[in-house]
Each structure stands twice: as C-alpha cells, then as structure tokens.
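Chain residues, written in single-letter form:
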Amino acid sequence: MKKTTNEELHRPTAEAYARMRKMPVTVVLDNIRSLNNVGSFFRTCDAFAVERLLLCGITGTPPSRELHKTALGAEHTVAWRYFDDTLQALAALRSEGYTLLAVEQAESAVMLQEFRPAPDKRYALVFGNEVEGVAQEAADMCDGAIEIPQAGTKHSLNVSVAGGAVLWHLFAQYLSEKSVAGETV
C-alpha cells in the first residue's frame, strides 16, 4: 500500500476554501478550558467544512501558540468569532434561524446514530466544558440534544473527540444527501 501524498489529495487553497460551500453547521464552544481542544476543533471544523466556530466565555482564541499546535493553521481558514457569554452567542444564532442542539447526555436526547439533519435547517451544535459539560443555562436555550452512545465505563468523551464524532456524522449525512443530488458540500 502506498500512502497518498499531500499533492495527490488535491486540497483547496485557503482562498478556495473560503469561497467553497460549507455545511450549514456552526459549532459553539461553551467555556472550553484547553487550548489543545480549541485547536482540535479548528482543525476538525476545517476538515468537515463547518461554516463557523463561536468561542465563548473562557474559551481561548487565536492567536495562540498552544492553540496553533493542534489547529496547524486551521485557525486561519475557519471563520470564528468570540462571545463573552455563550447565552449571547445562542441568542444571536436563534435570531439567525438556527436550530440549537446541545451535544450532551440529557433527557430526550437523540442518539447520534439516529440523528438526521433536515436539508432545510441550519444547526448550531453546542459543546461544553471539559468537566461540567454544556452549562445548564445554555442547555435550557437549546431546542434539543444529541448524545453519543458509549459502551465503556467512562461517562464521557474528550470534548474534541466528541466534536470529531458528531461532525463526521453530520458531514457523512450531508455527503450522502449531496451525492444523491449530484452536488458537493
């Protein structure tokens, strides 16, 4: 097996990426304390063509050497904005017509494998603090929750790992929908 080279991957330039169609998904980070996790979210959002990333509360922002270690430059390609307060970010998203979903273990949460994004909706996915999860006040503003099923002894995943799992699931859904229509994301 020969590994694919970077040139063979035909990735878009930063300029082409800025112009390309994105998934109708915004990621909201609710008080994420680790800059490594924030950097990982930038990189994952770039990989799955997320339209933007909202950094809230204590969540670190670029420029940051520590964040850059895991973002590897994605902090320059993913659109982002900082909010002092997660509730302000969620109110802004609601006014823009987004469906707000907490990624959290919560009553009435939809299991990830059962979640199918509606083609006519835009989603905001709220990921919470590494210890406390999504703040209750933020969860209360959400229209629902998505839960990642787990079989092990631990109660949660690392937040950036959870982000990768959820965003991949949505990306795969959008890819499948677009391939049927003969489009690309």
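This text gives an overview of the structure that appears in the document. (Residues numbered from 1 in each chain as written. Predicted model: local features only at pLDDT ≥ 70, side-chain atom pairs only at ≥ 80, totals over all residues. Heavy atoms only, no water.)

### Quick look at the pairing of strand S7 (residues 144-147)
(1) Moving on: Note that strand S4 (residues 99-103) and S7 share 3 bridges and pair parallel. Bridging from a neighbouring strand, Ala102 pairs with Ala145 of S7.
(2) Moving on: Note: strand S5 (residues 110-111) against S7, 2 bridges, orientation parallel. Its bridge partner lying in S7, Met111 is registered against Glu147. (Pairing = 2+ DSSP bridges. Helix = DSSP H or I, 4+ residues; strand = E, 2+ residues; numbered from the N terminus.)

### Concerning the pattern of salt bridges
(1) Moving on: In total, this model carries 5 salt bridges according to the counting rule given.
(2) Moving on: Between Arg94 and Asp143 there is a salt bridge; the shortest N-O distance is 3.1 Å. Pair noted here: Arg94 is in helix H5 (residues 86-95) and Asp143 is in the loop between helix H6 (136-141) and S7, with a separation of 49 residues, a long-range link. (Salt bridge = Lys/Arg side-chain N within 4 Å of Asp/Glu carboxyl O.)

### A look at the environment of Glu15
(1) Moving on: Along the polypeptide, Glu15 turns up in helix H2 (residues 14-19).
(2) Moving on: Residue Glu15 is classed as exposed on the basis of its relative accessible area, which comes to 53%.
(3) Moving on: Put simply, Glu15 and Thr77 are 62 residues apart on the chain and 8.4 Å apart in space, counted from C-alpha to C-alpha. (Buried < 20%, exposed > 50% of the residue type's maximum accessible area, 1.4 Å probe, protein only.)

### Examining the packing of aromatic side chains
(1) Moving on: Taken as a whole and assessed by the stated rule, the structure comprises 6 aromatic pairs.
(2) Moving on: Geometrically, the ring pair formed by Phe115 and Tyr123 is edge-to-face, given 5.5 Å between the ring centres and 80° between the ring planes. For the pair Phe115 and Tyr123, one class covers both residues: buried.
(3) Moving on: Among the aromatic residues, ring-to-ring pairing joins Phe48, Trp168 and Phe171 into one connected group.
(4) Moving on: Here the guanidinium or amino end of Lys22 rests over the ring plane of Tyr17, the centre of that ring lying 4.4 Å away. (Phe/Tyr/Trp six-rings, centres within 6.5 Å; stacked < 30°, edge-to-face > 60°. Lys NZ or Arg CZ within 6 Å of the ring centre and 35° of its normal.)

### Focus: the sheet that holds S5
(1) Moving on: Spatial strand order, S3-S2-S1-S6-S4-S7-S5: 7 strands in an open sheet with parallel pairing. Two strands bound the open sheet, and with one partner strand each, they are strand S3 (80-83) and S5.
(2) Moving on: Note: strand S1 (residues 23-30) against strand S6 (residues 123-127), 5 bridges, orientation parallel. Within the sheet, the bridge partner assigned to Thr26 lies in S6 and is Ala124.
(3) Moving on: Its contacts with the sheet place helix H3 (residues 35-47) against S1, strand S2 (50-56), S3 and S6, and it is angled at close to 165° to S2. (Contact = heavy atoms within 4.5 Å. Axes fitted to C-alpha atoms, helices over the stretch in contact; angles between N-to-C directions.)

### Quick notes on the pairing of S2
(1) Moving on: A large share of S2 lies buried, amounting to 5 of its 7 residues.
(2) Moving on: Sheet topology places S1 next to S2; 6 bridges connect them, and they run parallel. Paired with Asp30 across the strands is Cys56, a residue of S2.
(3) Moving on: Of the crossover connections in this fold, the one passing from S1 over H3 to the parallel S2 is right-handed.
(4) Moving on: Once you follow S2 into helix H4 (residues 65-71) and on to S3, the crossover reads as right-handed. (Right-handed = clockwise from strand over helix to strand, strands pointing away.)

So far we have only geometry, and geometry alone does not tell us how the molecule works.
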